[in-house]
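Geometric and topological summary
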Amino acid sequence: MKLQTLLRDALFVNWALPCDKLPELPAPLRYQRHREGKDDRVLASVLLSRQMGLQFSLPFFRLSYPQLHLRFSVFDAQGDPAFYVASLLVPAWVAPATAMLARQRSMGARFRFPATARLRSDERWRWSVRNGSAFEVEGRFGAPTATDLGGWDDTVAYVMERPRSYIPVGHRLRRIDSEPVQIEPRPITAEILDLSLLVALEEAFDGTPVHSAWLCPSLPMVFELGAVPTPKLRTALPQTAPSSRSRLSSQGG
């Protein structure tokens, strides 16, 4: 099934997390590790966006809605960089449609996103996703800086140049192949107010600040869903749980 959509106000927030605290991956995926000081780390990314005009095989059927993805950087069976999508949150009214049409596991939540195109360069805004617990982030435009992955362009490429994503569907993986696009990301300084909604992220968090963050005002996407013959999943990743409020801050890369 081939789909096309446009992501508006796509905010990417990344963390470099310690490998020994991450959940077990389903075969054949394995974490893509990089060295940071004396530790091996894995990049986790939260993508917040408005998905506009998602078009399925039927040309008259389109969906538009906000969403949140929690993704981990991995290698797939071919040894190519990819994402493992641990959590997908959408409005409650969208969840049945994604399950029926795309067979994607998702959870319902309430979203409050700003229209960043209207914001001044020195203005702060807040993104909020709630489902009992919450994920909240405040941000403002910043300046590009280097990270342990290299310069600004190297860091963006490390996250964005991943042609495949994998999502758990029952006891199998579903593969999403995406076509490359040209982007012009704007660096962001991000402050995380609450991450208790994302259990897999919160459990792996060790107090490190946000690794990098950027905003893509407009991001066209063309992708195709496909099945992946894999063994049964060894571990089910929990998505939500009540937790105490966390507060972190960082300078976005």
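Residues numbered from 1 in each chain as written. Predicted model: local features only at pLDDT ≥ 70, side-chain atom pairs only at ≥ 80, totals over all residues. Heavy atoms only, no water.

Our next topic: the overall build of the chain. Of regular secondary structure, the chain possesses three helices and 14 strands. Out of the 253 residues in the chain, the part that is buried amounts to 55%. For the chain, long-range pairs separated by at least 24 residues make up 73% of all intrachain contacts whose partners lie at least 6 apart in sequence. (Helix = DSSP H or I, 4+ residues; strand = E, 2+ residues; numbered from the N terminus. Buried < 20%, exposed > 50% of the residue type's maximum accessible area, 1.4 Å probe, protein only. Contact = heavy atoms within 4.5 Å.)

Turning to the pairing of strand β10 (residues 133–141), a few remarks are in order. Of all the nine residues making up β10, eight are buried; the element is thus mostly covered by neighbouring parts of the structure. With seven bridges joining them, strand β9 (residues 125–131) and β10 adopt antiparallel strand pairing. Opposite W125, over in β10, you have G139 as the bridge partner. The antiparallel hairpin formed by β9 and β10 contains one residue in its connecting segment, where G132 sits at a positive phi of about 80°. Across six bridges, the pairing between β10 and strand β13 (residues 186–194) is antiparallel. Pairing of E136 across the sheet is with D194, part of β13. (Pairing = 2+ DSSP bridges.)

When helix α2 (residues 152–160) is considered as a whole, its buried residues turn out to be W152, T155, V156, Y158 and V159. Summarising the axial view, the buried residues of α2 lie within an arc of 155°, below the 170-degree limit, and thus occupy one face. (Arc of directions from axis to C-beta.)

As for its placement among the helices and strands, P217 is situated in strand β14 (residues 212–228). What makes P217 partly exposed here is its relative accessible area of 36%. Each C-alpha atom, one on P217 and one on L7, is 7.9 Å from the other, the two residues being 210 residues apart in sequence. In contact with P217, not counting residues within four places along its chain, are L7, R8, D9 and E184.

On the secondary structure map, E138 appears in strand β10. On the basis of relative accessible area, E138 is assigned to the buried category, the value being 17%. For E138 and S128, which are ten residues apart along the polypeptide, the C-alpha to C-alpha distance reads 8.8 Å. Once residues within four sequence positions are removed from consideration, E138 is found in contact with R124, W125, R126, T189, A190, E191 and L193. A polar atom in the side chain of E138 sits 2.6 Å from the side chain of R126. (Polar contact = N/O pair within 3.5 Å; in protein donor to acceptor, adjacent residues only side chain to side chain.)

Here we come to the side chain of R162. Secondary-structure assignment places R162 in the loop between α2 and β11 (164–169). Here R162 occupies a buried position and makes no salt bridge, while the nearest side chain of opposite charge, E161, is found at 8.9 Å. Ignoring any residue separated from it by four or fewer positions in sequence, one finds R162 in contact with Q32, S73, V74, P81, A82, F83 and S178. (Lys, Arg positive; Asp, Glu negative; His and termini not counted. Salt bridge = Lys/Arg side-chain N within 4 Å of Asp/Glu carboxyl O.)

Moving on, we come to unusual backbone geometry. Cis rather than trans, the peptide bond between A27 and P28 has omega equal to 10°. With respect to the helices and strands, P28 occurs in the loop between β1 (2–18) and β2 (30–31). Phi angles above zero are rare outside glycine, and D9 is one such case at about 50°. Structurally, D9 is set in strand β1.

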